[in-house]
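# Secondary and tertiary structure notes
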Amino acid sequence: MAGESIDDILVKHYPVLYHMTSPDAWETIQRLGLLSTSRLLDLFEVHGPERAAIEEARRPESVRLEHPMHGSVVIRDNKPLSIVRLEKCLVDMTVPEYLKMLNSRVFFWLHPSRLQGLRDARAYREQEQLILQFDTRRILEQYRDHISLSVINSGATVHTPPPRGSFTFQRLDDFDYEASYRKRGQAKAIAELVIEGGVTTAFNMILGSSSHCVGHRGL
């Protein structure tokens, strides 16, 4: 590990990135790419109070958007998020500011155990899910300048959520992997890899996909 760049570490130890979404999103991903909520709101020309309700507040249910040129898209809910708990653990941001920051990014898990935790979440375990697997090397080659890492699950507030705010996401060159590895081990050293805006070339970077439904475990 000593002397290895963060890029080398990611490719060597986390060669596959995992993203969980609804099976209904597959057609949109093929057409538009894997885009953040904020980028989709831009594309679908959603503004004003309607946008704020999606981008700066908790979404208890998924939201469908329609556009004469781009067709339809579903913005996924964020049910596991508790606003009350989030308010208590935010350090230097308001809830709307933090949620807007989350919604400007697309999220990937680096380790299967993290993915399994989301699969098993109460809000999603009874629903079919689409698991997309991305090539870490190719993602880094094309989107490096837009990538950040987090040591926590930035959108989860169960139990006693750790502090979070503007420091939650760190650029690749600022991330101290060795320190995080010593403290948490490889499976938990990096909780999330996020890309601002999303992956417009997502379809060309997918290594594979699988479906998850009730009673199914493992990749």
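Model, not experiment: these values are computed from the prediction.

The next thing to look at is the packing of aromatic side chains. This structure, assessed with the given rule, holds four aromatic pairs. For the ring pair Tyr-14 and Tyr-177, a centre distance of 6.2 Å and an interplane angle of 80° mean the geometry is edge-to-face. Taken together, the positions of Tyr-14 in the loop between α1 (6–13) and β1 (16–21) and Tyr-177 in helix α9 (residues 177–184) put the pair 163 residues apart, joining distant regions of the chain. The burial state of Tyr-14 is the same as that of Tyr-177; both residues are buried. Ring geometry for Phe-108 versus Phe-134: centroids 5.3 Å apart, planes at 80°, classification edge-to-face. Remark: Phe-134 occurs in strand β6 (residues 129–135) and Phe-108 occurs in strand β5 (residues 105–109); sequence separation between them is 26 residues. This pair shows no difference in class: Phe-108 is buried, exactly as Phe-134 is. Put simply, the rings of Tyr-14, Tyr-177 and Tyr-181 pair up and form one aromatic cluster.

Of all hydrophobic cores here, the largest spans 31 residues; its most connected members are Leu-10, Phe-108, Phe-134, Ile-190, Leu-193 and Val-199. Listed by contribution, the elements that provide at least two residues to this core are α1, β5, β6, α8 (136–143), β7 (147–150) and β9 (192–196). The element contributing the most residues to this core is α1, with four residues. Not counting chain neighbours up to four residues away, the residues in contact with Leu-193 comprise Leu-10, Leu-17, Val-106, Phe-107, Phe-108, Leu-110, Ile-147, Ser-148 and Leu-149. By size, the runner-up hydrophobic cluster in this structure holds 12 residues, among which are Leu-81, Tyr-98, Leu-99 and Leu-102.

Looking at where Thr-168 falls in the secondary structure, it is placed in the loop between β7 and β8 (170–171). Each C-alpha atom of the pair Thr-168 and Tyr-98 lies 9.9 Å from the other, and the pair is 70 residues apart in sequence. Aside from chain neighbours lying at most four places away, what touches Thr-168 is Tyr-98, Leu-149, Ser-150, Ile-152 and Ser-154.

So, about the pairing of β5. Counting buried positions over the five residues of β5 gives four, a clear majority of the element. In terms of strand pairing, β5 meets β9 through five bridges, oriented antiparallel. The partner of Phe-108 across the bridge, within β9, is Leu-193.

What follows covers the pattern of salt bridges. Per the counting criterion, the structure on display carries nine salt bridges. Two residues, Glu-4 and Lys-12, come together in a salt bridge whose shortest N-O distance is 3.7 Å. By relative accessible area, which is 55% here, Lys-12 ends up exposed. Here Arg-144 makes a salt bridge to Asp-173, at a shortest N to O gap of 2.8 Å. In this pair, Arg-144 sits in the loop between α8 and β7 while Asp-173 sits in the loop between β8 and α9, placing the two residues 29 residues apart along the sequence. Overall, Asp-173 belongs to the exposed group, its relative accessible area being 62%. Put simply, Asp-7, Arg-144 and Asp-173 are held in one network by salt bridges that share partners.

Right, let's get into the confidence of the model for the chain. On average, residues of the chain score 88 in pLDDT, and 88% of them are at 70 or above. Overall, residues 214–219 carries pLDDT values under 50, and its contacts beyond four positions in sequence, including any with other chains, amount to 14 contacts.

Looking now at the pairing of β6. Side-chain direction in a regular strand flips from residue to residue, so the side chains alternate between the two faces of the sheet. Most of β6 sits out of view: six of its seven residues are buried. Pairing geometry for β1 and β6, over six bridges, is antiparallel. Each residue of the ladder has a partner; that of His-19, found in β6, is Leu-132.

Judged by relative accessible area, which is 6%, Thr-168 ranks as buried. Within the structure, the side chain of Thr-168 is placed 2.9 Å from the backbone nitrogen of Gly-165, a separation counted as a polar contact.

Scoring rules and cut-offs
- Residues numbered from 1 in each chain as written.
- Predicted model: local features only at pLDDT ≥ 70, side-chain atom pairs only at ≥ 80, totals over all residues.
- Heavy atoms only, no water.
- Phe/Tyr/Trp six-rings, centres within 6.5 Å; stacked < 30°, edge-to-face > 60°.
- Helix = DSSP H or I, 4+ residues; strand = E, 2+ residues; numbered from the N terminus.
- Buried < 20%, exposed > 50% of the residue type's maximum accessible area, 1.4 Å probe, protein only.
- Core = buried A, V, L, I, M, F, W, Y, C linked by side-chain atoms within 4.5 Å.
- Contact = heavy atoms within 4.5 Å.
- Pairing = 2+ DSSP bridges.
- Salt bridge = Lys/Arg side-chain N within 4 Å of Asp/Glu carboxyl O.
- pLDDT = per-residue confidence, 0-100.
- Polar contact = N/O pair within 3.5 Å; in protein donor to acceptor, adjacent residues only side chain to side chain.

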